[in-house]
Amino acid sequence: MNTSFELFDIYSLKTPCYVTDEGLLRKNLETLKYVRERTGCKILLAQKAFSMYETYPLIAEYLDGTTASGLHEAMLGREYMGNREVHVYSPAYRPEEMDKLTAICDHMVFNSCAQWRKFREKVQSCGRDIKCGIRINPEYSEIETDIYNPCFTGSRLGTTLENFDETALDGISGLHFHTMCEQNSDTLERTVHAAEEKFGKYFSRMEWLNFGGGHHITRPDYDVYRLIKVVDYVQQKYGVQMYLEPGEAVALNAGFLVAEVLDTMKNGMDIAIIDASAACHMPDVLEMPYRPNIIGSGKAGEKPYTYRLGSATCLAGDIIGDYSFDEPLKAGDRLVFCDMAIYSMCKNNTFNGINLPDIYFNTQNGMKHLKAFGYEDFKSRL
């Protein structure tokens, strides 16, 4: 099967492996830089989606900093993105981590007024000017998959208006909401109006507003000009500094997972077993679920030869999907899965003792092999 790929020689790499491409990453960052320059808003890398710290100095050329979901991500942002801003939000902070967080974070967002009251004295006496905020839940979201919906019934993420205590706002300089996932700017526009209906009376009392992530700004069909319009509207109406914290948009379509066919077999259909795993190496394929694109492939039945792709784990449901190809698959063929820079590297695991993929960075000066994993990495997690 012909799996030629213009960015790099896929047969020169050790599989399975993740490859992030510098040129594609820069293309995304240029778009984000354009939004920053047009609006004056600040844009942060949400590390939960992309934590490949080798790229942080590059990202720092374009963005304002990082946002973290806890201590370790905050430490990573501070260590590898220099003097850029470090923001953190957690549904509940661990008291024993507060000294380290207050030593490195520039913004801290609290999930509730009670959490802010609990830690206010600690933050205000740390000797640093940390900007503090409350995460609000506007109870409006257009996400249809509950596992990714911060506003679904009974959500723990953010404070609803019913539970918002305005007497706790002393020391609070901003409000934060995050209600989107892989969505366009029309969704943001509707979400802003929903948030205004509930919390708008507090917006003008703030120095900054953070509209979280889920903005697919670098997707080809994304309406960037509508985003600019929404950001300008909010900043001008309320006199605040706006923050956006996309994760996916930073590295969207900038990375790949290269895998090798290990064997083929038949059981009512053609099956190919590969050295990459949905459960271990691209868990969102099972969680979302979704079907990643493979370069040169088609949907089942679209091309002459259809295969069900599965991994070498013992999990019966570790199936990536059904794909068709121009030629029969055989052991040794390489497959290139698209859009694998985001989440895959952050969420992978060593279930069944399956090794983690190597990590490569395809730079303007050539391919860099950044990381290889082995038995000790598996052992050290247990």
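Chemist: Got a minute to help me understand the sheet that holds strand β9 (residues 241-244) in this structure?
Modeler: Two strands in a sheet stick together by hydrogen bonds in their backbones, pointing the same way (parallel) or opposite ways (antiparallel). Here we have eight strands rolled up into a closed barrel, ordered β2-β3-β4-β5-β6-β7-β8-β9, and parallel in their pairing. In this sheet, adjacent strand axes meet at a mean angle of 25° when their direction is disregarded. Where helix α3 (residues 71-80) meets the sheet, it contacts β3 (65-68) and β4 (85-90), and its direction lies at approximately 170° from that of β3.

Chemist: Is there a simple way to think about the packing of aromatic side chains in this case?
Modeler: Two measures describe an aromatic ring pair: the distance that separates the ring centres and the angle between the ring planes. Applying the stated criterion to the full structure yields 12 aromatic pairs. With centroids separated by 5.2 Å and ring planes inclined at 65°, the aromatic side chains of Tyr-93 and Phe-110 adopt a geometry described as edge-to-face. Of this pair, Tyr-93 sits in the loop between β4 and α4 (98-104) while Phe-110 sits in strand β5 (residues 107-110), placing them 17 residues apart in sequence. An identical accessibility class is assigned to Tyr-93 and Phe-110; each is buried. Ring pairs connect the aromatic residues Tyr-93, Phe-110, Trp-116 and Phe-119, which therefore count as one cluster. Across from the ring centre of Tyr-89, 4.8 Å away, lies the NZ or CZ of Arg-135, which sits over that ring. Above the ring of Tyr-323, the side-chain terminus of Arg-291 is found at 3.9 Å from the ring centroid.

Chemist: What's the story with the layout of surface pockets in this structure? I'm lost.
Modeler: Sizing a probe to match a water molecule and rolling it over the atoms shows the empty space that remains. Looking at the largest pocket, its volume works out to about 1000 Å³. Here the lining of the largest pocket is composed, by residue class, of 21 nonpolar, 13 polar and 12 charged. Approximately 700 Å³ is the volume attributed to the second largest pocket. Only α3, α11 (344-347), β17 (366-371) and α12 (375-380) provide two or more residues apiece to the lining of the second largest pocket.

Chemist: Got a minute to help me understand the side chain of Thr-67 in this structure?
Modeler: Looking at where Thr-67 falls in the secondary structure, it is placed in strand β3. You can call Thr-67 buried: its relative accessible area is 8%. Once residues within four sequence positions are removed from consideration, Thr-67 is found in contact with Leu-44, Leu-45, Ala-46, Gln-47, Glu-73, His-87 and Glu-245.

Chemist: Can you help me understand the pairing of β17 in this one?
Modeler: Note on strand geometry: in a regular strand, side chains alternate between the two faces of the sheet. Taken together, the five bridges between strand β16 (residues 358-363) and β17 define a ladder with antiparallel strand orientation. Pairing of Tyr-360 across the sheet is with His-369, part of β17. The antiparallel hairpin formed by β16 and β17 contains two residues in its connecting segment.

Chemist: Before we go on, may I ask you to explain helix α7 (residues 224-238) in this structure?
Modeler: Spacing of three or four residues puts side chains on the same side of an α-helix, whose turn is 3.6 residues. With 15 residues, α7 extends 21 Å from end C-alpha to end C-alpha; this agrees with the ideal 21 Å at 1.5 Å per step. Residues Val-224, Leu-227, Ile-228, Val-230, Val-231, Val-234, Gln-235 and Tyr-238 constitute the buried set of α7. Taken around the axis of α7, the buried residues stretch over an arc of 165°, which confines them to a single face. In this structure, α7 carries Tyr-225, Lys-229 and Gln-236 as exposed residues pointing more than 90 degrees from its buried face. Residues of α7 that are buried sit in contact with α1 (22-39), α6 (185-203), β8 (208-210) and β9. Two to three positions downstream of the cap, the backbone nitrogen of Tyr-225 sits 3.3 Å from a side-chain oxygen, assigning the N-cap of α7 to Asp-223. Looking one or two residues beyond α7, the residue adopting positive phi is Gly-239, at roughly 65°.

Definitions and cut-offs
- Residues numbered from 1 in each chain as written.
- Predicted model: local features only at pLDDT ≥ 70, side-chain atom pairs only at ≥ 80, totals over all residues.
- Heavy atoms only, no water.
- Pairing = 2+ DSSP bridges.
- Helix = DSSP H or I, 4+ residues; strand = E, 2+ residues; numbered from the N terminus.
- Axes fitted to C-alpha atoms, helices over the stretch in contact; angles between N-to-C directions.
- Contact = heavy atoms within 4.5 Å.
- Phe/Tyr/Trp six-rings, centres within 6.5 Å; stacked < 30°, edge-to-face > 60°.
- Buried < 20%, exposed > 50% of the residue type's maximum accessible area, 1.4 Å probe, protein only.
- Lys NZ or Arg CZ within 6 Å of the ring centre and 35° of its normal.
- 1 Å grid on protein atoms, 1.4 Å probe; cavity = no way out; pocket = protein on both sides within 12 Å on 5 of 7 lines; lining within 4 Å.
- Points joined across faces, edges and corners; volume = space filled by probe spheres on them.
- Nonpolar A, V, L, I, M, F, W, Y, C, P; charged D, E, K, R; others polar.
- Expected span 1.5 Å × (residues − 1).
- Arc of directions from axis to C-beta.
- Polar contact = N/O pair within 3.5 Å; in protein donor to acceptor, adjacent residues only side chain to side chain.

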